Amino acid sequence: MADGNAMATEKLPACEKRVHHIGDLALWQRSRAYHDLIGYINGTSSAIQGIKTTDEVFESDILRKLLGIFDALSKIMEQHPPLEQPQRFGNKAYRDWAANMRDQLPTLLIEVLPAAKHKHLHELLQYLMEAFGNATRIDYGTGHELSFLFFLCALFKAEILGEQDIVSTALRLFNRYLEFVRQLQRNYNMEPAGSQGVWSLDDFQFVPFIWGSAQLAVKSPFDPAKFVDEQIINDFSEHYMFISCIDYICKVKTGHFGEHSNQLWSITAVPSWVKINQGLVKMYQKEILSKFPVIQHVYFGELMSFESVAAGTALSNARLGHVAPPPSKRICIGTPPVNLATNLVPPTPLVAPAPPPAEAINTDLNVGDSSSESSDNSVVLRPTSAQASPEGSGDKSAVSQTVGDASGAKEQQAE
């Protein structure tokens, strides 16, 4: 451990904010980190479709140890109960919790990382510490969620997590994070950071709606028009991340759903979960990843690099509407391009999945996918196995540029 601590404290790579002006947003959108992030989000969407949050999935020892960090953070929260104070938002006890968290997190994280990966401690620690809100403002929002996405993506980039961890990282680790930050929000009455009120997707989160819609892209037990029904929420909130978010909103807000969550209400008019997922990714890029007030607070380092990708590099898209394949045959890791045929040997899956039934095979591999794989070296996490038939709801119209532009029929019903 002494060697590991020395490695972690000597010659630390720079981890700093790089977006200082509006003009820097264009550099951010051409950065390796941006491409890796989109590739990771879409690759995970492809991997978790048709899988419930409650299904048994492979969990590596590293992933279980990462889950244990949240148990330790919960114990710290017990040591700092909310104070009796008149303010509606921002219980000052959160600052004590945050200070204690920052003191203990380096030890917690270094105990999880393999000794050979301690060189990444500083960068990973920065992303993780920024993922739980701001102690000055006592608020939490999608920028803090983005920092946790950087943390997860960096774990794969550093090869601390492997391809076999793709599903469990979303359905176990990210879901545990989601539950924990909800606990923080309630316990300390944290203010939404940068909330747009009824015109935002949600006061605090965004990515669970993307991954939650991906879970429902195959074998969904209900149509999108029904996700606000009380019976659907009661029956499926534990099984699907999207419905878990709807359940949480219904518990913390009162009134008609179409009034307090207008954008989500409008999504019920979109004909399929595949279209919803595609629209949400576009909305995330436009409303979160393109906003200076969010990105100005983001840190970049060696794993999540601000260096530009090669000209012409395409962003990867999720391939949705098919039975979830085994983990992808490749993860492109590292900044310089590598020869995948000679330098990157994918791990063998622990269990070979059963092939889909013959009648389910779809020979049109372009269904649900609008682009080829990224030509550069981003984290892609994409399936390459045979695909099965898309969900049977039938898409009758294309999704709008963002999900927020979906049909306003539900808004009229709310009136």
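The rules we used
Residues numbered from 1 in each chain as written. Predicted model: local features only at pLDDT ≥ 70, side-chain atom pairs only at ≥ 80, totals over all residues. Heavy atoms only, no water. Helix = DSSP H or I, 4+ residues; strand = E, 2+ residues; numbered from the N terminus. Buried < 20%, exposed > 50% of the residue type's maximum accessible area, 1.4 Å probe, protein only. Contact = heavy atoms within 4.5 Å. Core = buried A, V, L, I, M, F, W, Y, C linked by side-chain atoms within 4.5 Å. Salt bridge = Lys/Arg side-chain N within 4 Å of Asp/Glu carboxyl O. pLDDT = per-residue confidence, 0-100. Phe/Tyr/Trp six-rings, centres within 6.5 Å; stacked < 30°, edge-to-face > 60°. Axes fitted to C-alpha atoms, helices over the stretch in contact; angles between N-to-C directions. Parallel < 35°, antiparallel > 145°, perpendicular 65-115°, else oblique. Left-handed = near helix turned anticlockwise from the far one by under 90°. Nonpolar A, V, L, I, M, F, W, Y, C, P; charged D, E, K, R; others polar.

Asks: I'd love a proper account of the overall build of the protein, names of residues and values included.
Replies: Scanning the protein for helices and strands turns up 17 helices and four strands. Per-residue burial for the protein yields a buried fraction of 55% across its 415 residues. Pairs at least 24 apart in sequence give 82% of the contacts found in the protein among residues at least 6 apart.

Asks: Just give me the short version of the nonpolar core, but keep the residues and values in it.
Replies: Core analysis: the biggest nonpolar cluster contains 119 residues, and Trp28, Leu73, Trp97, Phe132 and Trp211 have the highest contact counts within it. It is helix α8 (residues 166–187) that contributes the most residues to this core, eleven residues altogether. Setting aside residues no more than four positions away along its own chain, Phe132 makes contact with Phe70, Leu73, Tyr94, Trp97, Met101, Tyr140, His144, Tyr177, Phe180, Val181, Leu184 and Met190.

Asks: Give me unusual backbone geometry: which residues, what numbers.
Replies: The backbone of Glu159 shows a phi angle near 60 degrees, a positive value even though the residue is not glycine. Note on placement: Glu159 falls in the loop between α7 (142–157) and α8. Phi angles above zero are rare outside glycine, and Lys219 is one such case at about 55 degrees. Take Lys219: it is sitting in the loop between α9 (207–215) and α10 (230–236). Under the relative-accessibility criterion, Lys219 is labelled exposed at 65%.

Asks: I'd like a rundown of the pattern of salt bridges, residues and numbers included.
Replies: Considering all chains together, one arrives at ten salt bridges under this definition. The partner of Arg102 in a salt bridge is Glu130, and the shortest N-O contact between them spans 3.3 Å. Placement of the pair is Arg102 in helix α5 (residues 93–112) and Glu130 in the loop between α6 (121–129) and β2 (139–140), with a sequence separation of 28 residues.

Asks: Which residues make up the side chain of Asp165, and what values go with them?
Replies: Mapped onto the fold, Asp165 is located in the loop between α7 and α8. Contacts of Asp165, omitting those with residues within four sequence positions, involve Phe58, Ser60, Leu63 and Phe156.

Asks: Mind laying out the confidence of the model for the protein, listing which residues take part and the relevant values?
Replies: On average, residues of the protein carry a pLDDT of 78, and 72% of them reach 70 or more. In the model, residues 329–401 has pLDDT below 50 throughout and makes 143 contacts with residues more than four positions away in sequence or in other chains. For residues 404–415, every residue scores under 50 in pLDDT, and the model assigns this stretch 21 contacts once sequence neighbours within four places are set aside.

Asks: Now, about the environment of Met190: what can you tell me, with residues and values included?
Replies: One can find Met190 in the loop between α8 and β3 (191–192). With relative accessibility at 2%, the residue Met190 sits in the buried group. A C-alpha to C-alpha distance of 9.9 Å links Met190 and Ala135, two positions 55 residues apart in sequence. When sequence neighbours within four positions are dropped, the list of residues in contact with Met190 reads Phe89, Tyr94, Phe132, Gly133, Ile138, Asp139, Tyr140, Leu184, Gln185 and Phe204.

Asks: Would you mind going over α6 in detail, with residue names and values included?
Replies: Think of an α-helix as 3.6 residues a turn; residues three or four steps apart then line up on the same face. Across the nine residues that make up α6, a large majority, eight, are buried. Turning to α6, its buried residues are Leu121, Glu123, Leu124, Leu125, Gln126, Tyr127, Leu128 and Met129.

Asks: Give a description of the packing of aromatic side chains that names residues and reports values.
Replies: Describing an aromatic ring pair means giving the distance of the ring centres and the angle of the ring planes. As enumerated under the stated definition, the model contains 33 aromatic pairs in all. Ring geometry for Phe148 versus Tyr177: centroids 3.9 Å apart, planes at 5 degrees, classification stacked. Separated by 29 residues along the polypeptide, Phe148 in helix α7 and Tyr177 in helix α8 bring together distant segments of the chain. For Phe148, a relative accessible area of 1% gives the class buried. The exposure class of Tyr177 is buried, given its relative accessible area of 0%.

Asks: Tell me about the packing of helix α3 (residues 32–48) against helix α14 (residues 273–287), residues and numbers included.
Replies: At a closest axis distance of 12 Å, the pairing of α3 and α14 adopts a crossing angle of 160 degrees. Here α3 is positioned roughly antiparallel relative to α14, judged by the angle of their axes. The hand of the α3/α14 crossing is right-handed. Here Tyr34, Ile38, Ile41, Asn42 and Ser45 of α3 lie close against α14, whose contacting residues are Asn277, Val281, Tyr284 and Gln285. Here the contact of α3 with α14 is composed, by residue class, of five nonpolar, four polar and no charged.

Asks: Give a detailed account of the packing of α9 against helix α11 (residues 241–252), specifying residues and quantitative values.
Replies: Between α9 and α11, the shortest axis-to-axis distance is 6 Å and the interhelical angle comes to 130 degrees. With respect to each other, α9 and α11 are oriented oblique. In this structure, α9 contributes Pro208, Phe209, Trp211, Gly212, Ser213 and Gln215 to the contact, and α11 contributes Met241, Phe242, Cys245, Ile246 and Ile249. Counted by class, the contact of α9 with α11 contains eight nonpolar, three polar and no charged residues.

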